[in-house]
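# Secondary and tertiary structure notes
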Amino acid sequence: MEAVRNAAAVASSLRLTRTKPPPHPTLTSPKCFCLRKEDAFGNPSSETSLPKLEGHQTNVFEVEELETNDDDIWKLFAHAQRNILYLNKQRLTAMEELKKVQEERDLLLEKIEQLEAQKQTGAQTEPVASPSFADLLLQIDSMVISGMIGSGEASSLRKKVMGSRSQINDAFCEIRHKTDMELLSELRLFTEKMTQNPLHIVHICSEMDPISSCGSLASYVTGLSCALQRKGDLVEVILPKYSNINLDAIQGLRRIDAEFDSYFGGHWHKNRVWIGVTRGISVTLIEPLNYSTFFNRDRLYGYSDDFERFSYFSRASMDYLVKSGKQPDILHIHNWETAIVGPLFWDIFVHQGLGATRVLLTCHDITSQCLEQPSKLELCGLDPHRLNRPDRFQDNTKMNLVNVLKGGIVYSNKVVMVSTIHSRDSLIHSLNHGLEPTLAIHKEKLLVAPYGFDGDKWDPSKDKYLPRNYSAYDIEGKAACKVALRNRLKFSGYSSVVVGCIYSSCTFDVSTFDVDMDNLKAAVRYAMNKGAQVVLVFMESETPVMNSLMKALQNELKDANVRFIEKYDDALAHLILAGSDIFLCSSFHDPWLQMPLKAVKYGSAPISLNLASDGFRQFKVRDSRGSSQSEYLRQSGWGDCGSTAASQYLLSTYGNMSIGQALDEINTEPSRWAWRIKDGMSKDFSWDAECCDIHRAAYTFIKNL
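From a predicted model like this one, the values you see are computed outputs, not experimental measurements.

On to the sheet that holds strand E15 (residues 498–503). On the basis of which strands lie adjacent, the open sheet formed by five strands has the order E17-E16-E15-E18-E19 and parallel pairing. Edge positions in the open sheet fall to strand E17 (562–565) and strand E19 (605–608), since each of these has one partner strand only. In this sheet, adjacent strand axes meet at a mean angle of 20° when their direction is disregarded. Note: strand E16 (residues 533–538) against E17, four bridges, orientation parallel. Residue pairing for E17: Val534 is matched across the bridge by Val562. Helix H15 (residues 477–489) contacts E15, E16 and E17 of the sheet and is inclined by roughly 70° relative to E15.

Written out as structure tokens, the structure is:
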């Protein structure tokens, strides 16, 4: 705009007309044309040459040689006029752009005002306008009235709900179609996430379902890891890369380009690393290059060099953690196979960036301990002279050997014994495993946690395999499932009671197999005599002798009211649990399938053939050691302190119940039976319940040490 004013001043000063003007006295012989310039406040400043205009090579006002003739004056005017037109065009364009910006600003301000008004209105009406929020408070009242929760827990839940309304509305947008039990489980999980600090947990283990599975450890690692992640923790699993691994179960499996070194046998060796995800859990697979045969075998275990194989893997896992810079809160190790991580951590790795990490060991089979020569500890970098002592690795009986599981117990901050039926005291004193002195010394470290099952898969209220879903609060669907089971198995006639049984070679002890078969035959015959219909599923065993014995049992129990299923079918297993009134179990201790706990959830009474045989009215069986079953119950520690809630429920409700007592109660006291069944169905025995809670409490405790 200042350039426009300057150009106008030129035109005015020249007093241009359509006639040729006389020569101007000030333009007789100029070298440069100058104007008086005003400053920012309108005050005249010293004469300055006007700057060049953008887009022109020579400023129209900067004249190097201007002659005092008429042609030059007209030429100067023409240049000034063109400049004025150009600047005027630029001014109009700028004004249009400014108008657009102002319009956009006004629209934005209007939207902001609308949002502010909506926010204020929403804040004033949120408790009333949000149906999920109001319904949730009402359903908490319903839970108290029905006896599901006490008034204290209800008050705590209400306060937490009131304190996080916006989060509640997002998390519980659809609650009207959920049962009180489902809602209570979700609400407890939600409030727990709000109050706890997330932990970083790394499992170093030899199995994980469905990647590599051989025993109960595999389902335990997966079930617990998923439960912990649902509660907000970060969980990772490190496994050996077996040659027979289930690669299809790992999403996004890929090999890391870089390799890392790990120590073994006095040298450093290269390892490849594979990473992926299974069921939402980060998985790392370690593949040895120099010792490639360690995990390139048909089986996971059962080789003479198992100690070398898993001590290599344990040391490599620790070297990988340090190399990757991970600093987990908890190292969770399992059984003797990775128990050596405990001494490796405290003797070598604790000062390599892992000072805040703590170690927890779980033991699934306390009789599997791994005894080796002390010198073999040197293979992974440990000092045998420091560790081969009675208070560390030295075996309590064979003192010339080291006990790897014992070393893991000594060097862990907490030890969790996983068992659905045993108490802590019975595990310490009553199982003849040779570690009694060690467990007694470290008694304060010990915890007992039950197994669990997948609560999403094994829940009759949402089971996709059932013709009709049901729950403890709407149990009518169970009768429809019983009809469907009878129709599928082609049972003729009518029976008010169905007895189910799923037998696996993993669910019984080989040493007591004969006793189990005798008890099973007696139970089936008793049920048949009482008019019940029986379905037996026998999962094929790897032992030919057991398979032949089961074939003989089928021939012996052949009857119109008995069905034998030789091949396990997942869908049929769900239907058998749902359609049965009674479920026969070889024992309540079933770490592989957890059939007793699943039966309770599906409203089928679990009857243990191994521990409750005294209840059979027709016979009394003695176990293989000659003691009566009631004596065995006492020796097994049932009822001792330190039992889990799952154990206490099973023992108090079904521990002394025979199949005869169950059939009598069904027929003579149906209301009492119905209460018993519904009470069990309302309980949560999934991985997310007691098992996860015990481990989470143990993690938190040792993290704060």
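Moving on from the coordinates now.
Relative to the helices and strands, Leu651 is located in helix H21 (residues 645–654). Given a relative accessible area of 15%, Leu651 falls into the buried group. A sequence separation of 230 residues divides Leu651 from Ile421, and the C-alpha atoms of the two residues are 8.2 Å apart.

All chains considered together, the criterion is met by 28 salt bridges. Two residues, Lys462 and Asp456, come together in a salt bridge whose shortest N-O distance is 3.2 Å. Judged by its relative accessible area of 48%, Asp456 is partly exposed. Put simply, Lys521 and Asp518 hold a salt bridge, and the shortest N to O gap is 3.9 Å.

A few words on the nonpolar core. In terms of nonpolar packing, the biggest core is built from 90 residues, with Ile204, Met318 and Leu331 touching the most fellow members. When residues in this core are grouped by element, the largest group, eight residues, is from helix H8 (residues 306–324). With sequence-adjacent residues up to four places away left out, Leu331 is seen in contact with Val202, Ile204, Met318, Leu321, Val341, Phe345, Thr357, Arg358, Val359 and Leu360. In terms of nonpolar packing, the next biggest core, distinct from the first, is built from 68 residues, Phe588, Ala646, Met681 and Phe685 among them.

To continue, consider helix H24 (residues 687–703). Residues spaced three or four apart along an α-helix point in a common direction, a consequence of the helix completing one turn every 3.6 residues. Of all the bends found along H24, the most pronounced is centred on Asp693 and spans about 35°. Residues of H24 that are buried: Trp687, Asp688, Ala689, Cys691, Cys692, Ile694, His695, Arg696, Ala698, Tyr699 and Ile702. Where the residues of H24 are buried, they touch strand E3 (200–204), helix H7 (216–230), strand E9 (330–334), strand E10 (358–363), strand E13 (414–418) and strand E14 (446–449).

In this section: helix H18 (residues 570–579). The buried fraction of H18 is high, at eight of 10 residues. Every buried residue of H18 is listed here: Leu572, Ala573, His574, Leu575, Ile576, Leu577, Ala578 and Gly579. You can read the cap of H18 off the contacts: a side-chain oxygen lies 3.2 Å from the backbone nitrogen of Ala571, and it is on Asp569.

Let's shift gears to the pairing of strand E4 (residues 234–240). Counting buried residues along E4, six of its seven residues qualify, which places the element largely inside the surrounding structure. Bridging between E3 and E4 involves five bridges; their strand directions are parallel. What sits directly across from Ile201, in E4, is Val235. Once the chain exits E3 it traverses H7 before rejoining the sheet at E4, and the crossover so formed is right-handed. Two elements, E4 and strand E8 (residues 281–288), share five bridges in a ladder whose sense is parallel. Considered in E8, the bridge of Leu239 is made with Leu285.

Each value, and the rule that gives it
- Residues numbered from 1 in each chain as written.
- Predicted model: local features only at pLDDT ≥ 70, side-chain atom pairs only at ≥ 80, totals over all residues.
- Heavy atoms only, no water.
- Pairing = 2+ DSSP bridges.
- Helix = DSSP H or I, 4+ residues; strand = E, 2+ residues; numbered from the N terminus.
- Axes fitted to C-alpha atoms, helices over the stretch in contact; angles between N-to-C directions.
- Contact = heavy atoms within 4.5 Å.
- Buried < 20%, exposed > 50% of the residue type's maximum accessible area, 1.4 Å probe, protein only.
- Salt bridge = Lys/Arg side-chain N within 4 Å of Asp/Glu carboxyl O.
- Core = buried A, V, L, I, M, F, W, Y, C linked by side-chain atoms within 4.5 Å.
- Bend = angle between axes of the 7 residues up to and from the residue.
- Polar contact = N/O pair within 3.5 Å; in protein donor to acceptor, adjacent residues only side chain to side chain.
- Right-handed = clockwise from strand over helix to strand, strands pointing away.

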